[in-house]
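Now for the letters of each chain:
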Amino acid sequence: MSTVTAVERPAAPEAEDEGALPVARTRHPWRWLVAVLALVVVAQFAHGLITNPGWDWPTFGRYFTASSVLSAMRVTLELTFWGTLFGFLLGVWIAVARLSKIPVLQVIAWAYVWAFRSIPLIVQLLFWFNIAYLYKRISVGIPFGPAFFSFDVNGVISGFSAAVIGLALHQGAYSAEIIRAGIISVDPGQVEAAKSLGLPWRRQFFTIVAPQAMRGILPNAANEVISLFKGTSIVSVMAIAELFYQVQVIYGRNGRVVPLLMVATVWYIVLTSVLSVVQYYIERHFAKGSQRELPPTPWQRVRAKVSEITGERR
């Protein structure tokens, strides 16, 4: 009878303390050199802004919050708001028409997008500004039949209305393509799963398709809104007292071109930055379903860093 004796293995040597191991730091001298050169360039630029008398900062400060400039800024914001609102409302219907299974609607929607993306915005604005040259009165009624009511074009379509119409029609063509791209980016399997559950098409769209499509629509839509905000400066050719036109009027009187252009530039930068912040938080809202845990916002990171520093000091 044989007996098997267990052979004891020698115990493995204890792992060396990782903290005792020397850690060699990687050095990146070229990164430091590039950073220093970039800071030197920024410092030189800032020095030129402060010391160059051509910028004429006292004139800039005098007109930056002038009542005429603030009134013009309000007109710019109104043009942006109405152009965005009507443009995206129109874009939704154009996108739906392009995605529909009705050939007539598909052709009409495609022709609309093709036409308004082909014609420069300034040409569209001038056309609507001079629409009374073609149509003195507009009647609404049965085609080739009696009219229900009519109105004088000059009495209804003012310069501001013509600008809103031109901006909205132009924006509608681009927003339609943005919305269509967002909708077709949703996995078709999502819709098939919703249909298999017996959900009506309204719930399919608003609870399944739309939230996922918004993640692709929002970045491009925000770019279009910002572009429209800056593009309102084009309506200065129609003598509408928006920001850029008002700045032109002021420096045409006093000859201070550079500081007045800086007034418009800084206002455009400030309001574009505000729109970018709004875009960030809207995108964050619609990202809730795609990530388990949202990354902290910049403000939350600052608060966490301050708490960490104050905690270390204690």
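Because the structure is a prediction, the values reported are computed rather than measured. Residue positions within a chain follow its written sequence, with the count starting from 1. Local features in a predicted model are, by the rule used here, given only for residues with pLDDT of at least 70; side-chain atom pairs are given and counted only at 80 or more, and totals for whole chains, interfaces and linings are based on all residues. Excluding hydrogens and water, the side-chain values take into account all heavy atoms of the structure.

Draft legend 1. Layout of the overall build of the protein. Helix and strand counts for the protein stand at twelve helices and two strands. The linear arrangement of helices and strands in the protein, starting from the amino end, is α-α-α-α-α-β-β-α-α-α-α-α-α-α. For each residue, the accessible area found with a 1.4 Å probe, counting protein chains only, is set against the maximum for its type, and the residue is called buried under 20%, exposed over 50%, and partly exposed in between. Within the protein, buried positions represent 29% of all 314 residues. Residue contacts are counted whenever heavy atoms from the two residues lie within 4.5 Å of one another. Long-range pairs, those at least 24 residues apart, make up 68% of the contacts in the protein with a sequence separation of at least 6. Surface accessibility in these figures is a Shrake-Rupley result with a 1.4 Å probe; residues are shielded only by whichever protein chains are displayed. Element-wise, carbon and sulfur atoms account for 65% of the exposed surface of the protein, whose accessible area totals about 21,800 Å². Only DSSP runs of H or I reaching four residues or more are called helices, and only runs of E reaching two or more are called strands; each is numbered from the N terminus.

Draft legend 2. Local environment of the UniProt feature "transmembrane region" (unreviewed entry) in the protein. UniProt positions are given in the numbering used here, feature names are shortened, and annotations may be inferred rather than shown by experiment. The sites that UniProt annotates as "transmembrane region" (unreviewed entry) are residues 32-50, 79-97, 109-135, 147-169, 225-245 and 257-282. Between the C-alpha atoms that bound residues 32-50 the distance is 27 Å, and the span itself is 100% helix and 0% strand. Counting secondary structure, residues 79-97 comes out at 100% helix and 0% strand; the distance between its end C-alpha atoms is 26 Å.

Draft legend 3. The arrangement of the side chain of Ser236 in detail. The topology assignment puts Ser236 in the loop between helix H9 (201-231) and helix H10 (243-254). A relative accessible area of 14% means that Ser236 is categorised as buried. A polar atom in the side chain of Ser236 sits 2.8 Å from the backbone oxygen of Ser233. In this structure, Ser236 is in contact with Glu242, Phe244, Tyr245 and Gln248, ignoring residues within four places of it in sequence. Whenever two N or O atoms come within 3.5 Å, that pair is a polar contact, provided that in protein one can donate a hydrogen and the other can accept it, and provided that, for residues adjacent in sequence, both atoms are side-chain atoms.

Draft legend 4. The environment of Ala115, seen in detail. You can see Ala115 is positioned in helix H4 (residues 103-118). Taking the C-alpha atoms as reference points, Ala115 and His170, 55 residues apart in sequence, are found 9.5 Å from one another.

Draft legend 5. Summary view of the side chain of His170. Within the secondary structure, His170 sits in helix H7 (residues 159-184). Assessed through its relative accessible area of 14%, His170 is described here as buried. Here Gln124 takes part through its side chain, which lies 3.4 Å from a polar atom of the side chain of His170.

Draft legend 6. Layout of H7. Helix length check: H7 (26 residues) gives 38 Å between terminal C-alpha atoms against 38 Å at 1.5 Å per residue, within 8%. Here the bend at a residue means the angle between the axes of two seven-residue stretches, the one that ends at it and the one that starts at it. The largest bend along H7 reaches roughly 25° and is located at Gly172. What a helix is expected to span follows from its residue count: subtract one and scale by 1.5 Å.

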